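Each chain, written out:
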Amino acid sequence: MIPTAYFDPATLAIWTTTGNLMEREAAIANEAIRAAVRGEDPSKMLLDIPKEDILRSRMLWFASSIWHEKRHYLDTCLTNYGARRFRDLFILASNVNPLLAHAKKCGEPVWFPVEIYDNSVHRRCLGIAEPAPNIIEMARLAKNLKSFMGQLDAPVSLGDQVIHLGGNAQMEGLAQSCQTFSIEHCFGIEDSLAVMKRYVHSLPQEGPYRTIEAVCGVLGCSTDKKGLVVLNPNLAAALFVTALCGRFFGVGSKPDASLVAPERRLSIMIEKLGKAGRFDMPDEEAAALVDELSRRLWGRTALEEIGADIEAMEAKLDFKALPWLVGEGLDEAFKDFLRMRRQLLEAAQSAGGLVSLLPRAFPTVWRDRLLPWHVIATPNGGDAKPGSREVFGCRLNVPAGLERVVPQKVVWGHLYSASSATSKVGFAPSADTAWLQMLEHHGPNAMLMLNGRRHRRMIPPELERSIKAIEQLGIPVRFHPRFEWPEQRDQKTRVEEAITLADMSGRDHFFCDITGDQIEPKDAIVLTPWEFRHSPLLPQFRQSGIIAEIQLITDWQDWVVRKDLLD
């Protein structure tokens, strides 16, 4: 299901939506989320909710999810693995214009994902002419980038169990630990334990969010307190940060996995350390132990690797040789990303080095100073949001007589950015025009280059807008059949999502969006916007006439319907 919050590494923005919550809960969650994004204390929004009320832990989970995503913002900008993710998406975005120029020159459609152009069988089946050498090179680059990141994130099989220890899992483990410490720092241990019990412990233990717990156990950083296993994640977190700071530059086209792959780097360090940890190990000792080990294995500490990576990034890209990047503002976004990396590295060094990047330090050193852009998604078209900039919207030519019931304008995204005064004391993007271009154009283009439409986004018009902009250039847009639409899920997955949605939103029933019948969560399914638009339910819905047609244009929320309608 679409989470309440997620971080977009292409645009460095946190996206949130509360459209699936009931009205009162959505209002509380929105206030708390906005406070957390601004670096303010969200606790006052929850003062009237008693600790024994289940609503409190639910609102705590939603508000603290911002701190989770802020850790992703920090790790994307600072660690070498995170910067690699941004850089790969940036490279895809920067190659869109040459691809469109080729299609325009040849009088052909443009095809997504771009890797299609490197497959002669697919080209023959889809009727794509032999592309120019630079297009094949671009397609091969995209395919290699996707394959390489897949390898860096791949889970590990241990017998019949799959454990997530790759780069993405390590980032999730760090973010989850920082979220937990931030709840305790802001609300106290009782609230922190309530959220852990209800939400974190319901996640699979071998999954990416809880893998850090298993690593703590392997290292000997856990203890038993009255039958409850208590963990100290500092040593595991120090290993995660160091594993995420691999050496991506100057190591050749086929580098040794121990230099770049987070899972391999982590495994080597765990093997060398053995059960070197203990529950009462101080953060400073854990950081010093891992720094010494990293220097012994690879010649540099994590922060030294970051410094070298920043230097290599600055030297690598020659904007004079790529003039279209300058015209599109991509160069300014890249330069600003490097500025933020340097700023964060200097702050980490000033705060004590690796120890400042451990979860216990996050609430005091980083949490409220991290100020990424914030997009509030309103998939149903939404209302005006004071102080925000409208993004991803459209105007409607409303038929005469419907002006009072149909809006003339819909907005699916509302952007908030830190003020210039706030940015001076925090860590925020500063090249506003360039990042707005990244958000509205280049980021969605990178998604199309990577996987076509096969993404589940908070607002699908984010991609449709880019597709329409290309078509307005006179270039038809085509997709490999497997990437033309987001994934169609099976009924079991859709029912499970309905049950999860009911739990997260505090509902004991839904009303079917087609029939209006009251239904229990176990008898409901959640359909994504594209699943509904490609389902047998669409003709029935369209019988409502012009209002239904307008809703299909303006409303991109998930649909909750009776399960038996599609059995």
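For the structure, see preceding data.
Parameters and conventions
Residues numbered from 1 in each chain as written. Predicted model: local features only at pLDDT ≥ 70, side-chain atom pairs only at ≥ 80, totals over all residues. Heavy atoms only, no water. Phe/Tyr/Trp six-rings, centres within 6.5 Å; stacked < 30°, edge-to-face > 60°. Helix = DSSP H or I, 4+ residues; strand = E, 2+ residues; numbered from the N terminus. Buried < 20%, exposed > 50% of the residue type's maximum accessible area, 1.4 Å probe, protein only. Lys NZ or Arg CZ within 6 Å of the ring centre and 35° of its normal. Pairing = 2+ DSSP bridges. Axes fitted to C-alpha atoms, helices over the stretch in contact; angles between N-to-C directions. Contact = heavy atoms within 4.5 Å. Salt bridge = Lys/Arg side-chain N within 4 Å of Asp/Glu carboxyl O.

A.B. asks: Any chance you could explain the packing of aromatic side chains here in plain terms?
C.D. replies: To describe a pair of aromatic rings, you give the distance between the ring centres and the angle between the ring planes. In total, this model carries 17 aromatic pairs according to the counting rule given. Measuring from centroid to centroid gives 6.0 Å for phenylalanine 86 and tryptophan 435, while their planes differ by 50°, and the two rings are tilted. Pair noted here: phenylalanine 86 is in helix α3 (residues 80-94) and tryptophan 435 is in helix α19 (residues 432-451), with a separation of 349 residues, a long-range link. Of the residues examined, tryptophan 435 reaches a relative accessible area of 1% and is grouped as buried. Every member of this aromatic cluster is reached through a ring pair, and the members are Phe86, Phe90, Phe334, Phe337 and Trp435. Arginine 34 extends its terminal NZ or CZ atom over the ring of tyrosine 416, reaching a point 3.8 Å from the ring centre. Sitting above the plane of the tryptophan 67 ring, arginine 367 keeps its charged end 4.6 Å from the centroid.

A.B. asks: How do you make sense of the sheet that holds strand β10 (residues 409-416) when you look at a structure like this?
C.D. replies: Through backbone hydrogen bonds, the strands of a sheet pair up, either in parallel or in antiparallel fashion. If you trace the five strands from one edge of the open sheet to the other, you get β1-β2-β8-β10-β9, paired in mixed fashion. Of all strands in the sheet, those bounded by a partner on one side alone are β1 (5-8) and β9 (389-395). Taking each pair of neighbouring strands and ignoring which way they run, the sheet shows an average axis angle of 25°. Pairing geometry for β9 and β10, over six bridges, is antiparallel. By the bridge assignment, glutamate 390 is partnered in β10 with histidine 414. With respect to the sheet, helix α2 (residues 54-78) is in contact with β1 and β2 (13-16), its orientation differing from that of β1 by roughly 10°.

A.B. asks: Can you help me understand unusual backbone geometry in this one?
C.D. replies: Where the residue is not glycine, phi is negative for most of them; where a peptide bond is considered, it is trans in most cases. Here phenylalanine 112 and proline 113 are connected by a cis peptide whose omega angle stands at -5°. For proline 113, the position within the fold is in the loop between β3 (110-112) and α5 (120-126). One non-glycine residue with positive phi stands out, namely leucine 12, at about 60°. One can find leucine 12 in the loop between β1 and β2. The class for leucine 12 is buried, based on a relative accessible area of 0%. With phi around 55°, phenylalanine 392 is a residue other than glycine that occupies positive phi space. Residue placement: phenylalanine 392 occurs in strand β9.

A.B. asks: In this structure, what is going on with the pattern of salt bridges? I would like to understand it.
C.D. replies: Pairing is possible between side chains that carry opposite charge, provided their charged atoms lie close to one another. Overall, the coordinates contain 41 salt bridges when judged by the stated rule. The partner of glutamate 25 in a salt bridge is arginine 58, and the shortest N-O contact between them spans 2.6 Å. One end of the pair, glutamate 25, is in helix α1 (residues 23-38); the other, arginine 58, is in helix α2, and 33 residues separate them in sequence. Note on accessibility: glutamate 25 and arginine 58 belong to one class, buried. For aspartate 503, the salt bridge is made with arginine 198, and the minimal N-O distance between the two is 2.8 Å. Taken together, the positions of aspartate 503 in helix α21 (residues 491-505) and arginine 198 in helix α8 (residues 189-198) put the pair 305 residues apart, joining distant regions of the chain. Since its relative accessible area comes to 36%, aspartate 503 is described here as partly exposed. Counted as one network, the salt bridges with shared partners bring together Arg456, Arg489, Arg494, Glu497, Glu531 and Asp558.

A.B. asks: Is there a simple way to think about the side chain of aspartate 75 in this case?
C.D. replies: If you trace the backbone, aspartate 75 turns up in helix α2. Taking relative accessible area as the criterion, aspartate 75 reaches 1% and is therefore assigned buried. In this structure aspartate 75 touches Gly82, Met171 and Leu174, once residues within four positions along its chain are discounted.

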